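# Geometric and topological summary
In case you want the letters, here they are:
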Amino acid sequence: MIDLTSLPNPQRRALDIVKEVAAEKNCRPFLVGGPVRDLLLGRQVIDIDVTLEDGASTLARSLARAISGRVRSFPQFLTYKVTADGLPEIDIATARKEKYRQPGALPSVTAGKLKDDLVRRDFSINALALDLTNGALHDPTHGERDLHDHVIRVLHDASFADDPTRIFRAVRLAARLNFTLDPHTDALLRTAVAAGALGHISRERVWREVFLAFDEAEAPRIVQSLHDLGALDILFGARPSDPELHRRLEAVRRQADADPQLDREVMFTAALLHGNASPLDVEGSGFSQKRTRNVVQIANELPRFREGLSEARDDRQRFSLLRNASAEALSVLAASAPAHVAQALERTREAVFSGEIEASDARAFARRVAMEYLQKDEGGRMTDDGQPAL
Ligand code: ATP
Ligand code: MG
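Described in the following lines is the structure provided in the data block. (Residues numbered from 1 in each chain as written. Chains lettered and ligands numbered in written order. Predicted model: local features only at pLDDT ≥ 70, side-chain atom pairs only at ≥ 80, totals over all residues. Heavy atoms only, no water.)

### Notes on the packing of aromatic side chains
- Inspection of every chain in the model, using the stated rule, returns six aromatic pairs.
- Their ring planes at 70 degrees and their centres at 5.7 Å tell us that Trp207 and Phe236 sit as a pair that is edge-to-face. Here Phe236 lies in helix H11 (residues 233-236) and Trp207 lies in helix H9 (residues 203-215), a separation of 29 residues in the sequence. Neither Trp207 nor Phe236 differs from the other in exposure class; each is buried.
- Counting every residue linked through ring pairs, the aromatic cluster contains Trp207, Phe211, Phe214, Phe236, Phe268 and Phe287.
- Over the aromatic face of Phe74 sits the side chain of Lys81, whose NZ or CZ is 6.0 Å from the ring centroid. (Phe/Tyr/Trp six-rings, centres within 6.5 Å; stacked < 30°, edge-to-face > 60°. Helix = DSSP H or I, 4+ residues; strand = E, 2+ residues; numbered from the N terminus. Buried < 20%, exposed > 50% of the residue type's maximum accessible area, 1.4 Å probe, protein only. Lys NZ or Arg CZ within 6 Å of the ring centre and 35° of its normal.)

### Some details on the site of ligand 1
- Taken together, the neighbourhood of ligand 1 is formed by 13 residues, with Arg37, Arg121, Asp163, Arg166 and Arg176 sitting nearest.
- One nitrogen or oxygen atom from the side chain of Arg37 is found 2.7 Å from an oxygen atom belonging to ligand 1.
- Notes on ligand 1: free accessible area 590 Å², of which the protein chains cover 74%.
- Only helix H2 (34-41) and helix H7 (165-177) provide two or more residues apiece to the shell around ligand 1.
- Counting residues per element, the shell around ligand 1 draws most heavily on H7, at four residues. (Near = heavy atom within 4 Å. Polar contact = N/O pair within 3.5 Å; in protein donor to acceptor, adjacent residues only side chain to side chain. Areas by Shrake-Rupley, 256 points an atom, 1.4 Å probe, with all protein chains shown as cover.)

Below, the structure is given as structure tokens:
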């Protein structure tokens with residue numbers, strides 16, 4: 001029996017109210033997909049996804065009334081979103097059946113039974129439903145067994161061809177949960193990538209999945225796997241394997257986690273495109289011109305930048321290189337620079353961000369800060385007039 005009392009308070013309250021309203025209205029709601037998986041794993045549940053065979057609109061509207069919330073309707077997905085202050089967003093959907101007319105095309109959707117709704121899903125561990133009226137678990141594809149075995153399994157052989165975004169979902173979920181792909185699923189995934197399945201969906205849809213990967217705590221591992229599988233070739237062309245990729249991705253994760261103001265998407269993208277980026281690579285990403293320039297600068301110019309830094313004859317030359325660097329570029333650079341330079345860069349970046357200094361003053365500032373560190377490191381090199389030698 002699934003223990004709903006282990007849920008955090010807002011989620012528990014949301015389900016209690018769903019149950020109450022459903023009883024009043026004689027509806028039969030099921031908690032489905034991700035939240036059931038996460039409940040069974042004892043992981044934190046965030047989204048509340050509810051499915052019904054009948055009465056989704058009645059439940060959605062009555063629920064919104066009961067919690068003084070708002071309801072938005074998405075007829076193409078047979079879905080309602082109910083929101084209210086202090087409660088998680090509650091998705092209420094009509095159970096649906098899907099048909100894929102062509103690989104990669106969006107499916108045609110009709111109302112269906114609960115079981116139809118479960119077997120159209122991506123993986124067995126997501127094809128689970130919890131009957132909120134009696135606590136029974138519906139598990140037509142042995143998802144509970146796969147949860148127990150820590151395995152990601154598709155429900156049929158055409159799954160990745162039907163919807164190639166599942167290639168990304170499989171890699172993401174495996175890394176997040178520390179699960180492995182069932183061997184047959186793994187073979188299907190590799191076959192789908194090799195057969196060019198990702199060419200059947202738009203670059204925009206691929207980018208959306210890539211951004212979801214960047215958001216994960218395990219982003220470096222996920223992005224590395226996607227790269228190794230060739231799932232990113234559709235965006236960037238086939239690229240030689242790169243022994244430094246993982247180290248760069250880890251560095252980006254560390255920096256982006258430490259400073260949420262940094263543009264995580266730009267930094268991860270630049271780490272991927274290291275040494276060979278063009279604006280064409282980010283087509284479909286939705287990056288503005290400015291962010292695109294930042295990606296290209298970090299990916300292409302940083303290696304030269306780094307060389308310039310180490311070859312510079314003096315600190316004046318060294319820090320004149322900083323003038324046009326973005327906060328993200330400075331951060332990436334700092335991750336691999338000698339310690340005193342790194343500290344100066346880091347301090348500069350913070351100062352630009354906090355508004356302490358203008359970007360245009362960054363150079364002078366960095367010079368001053370670096371000088372302090374240099375003095376610490378080397379006992380200081382001063383000119384005759386006692387001024388720092390910068
Ligand atoms: P997360 O914690 O990332 O939200 P999730 O499993 O809830 O994980 P969602 O993207 O919120 O993922 O999707 C909700 C559910 O819808 C999934 O659990 C899965 O059952 C189903 N689903 C989502 N995307 C697909 C897809 N491309 N193909 C089939 N089923 C999908
Ligand atoms: Mg979800």
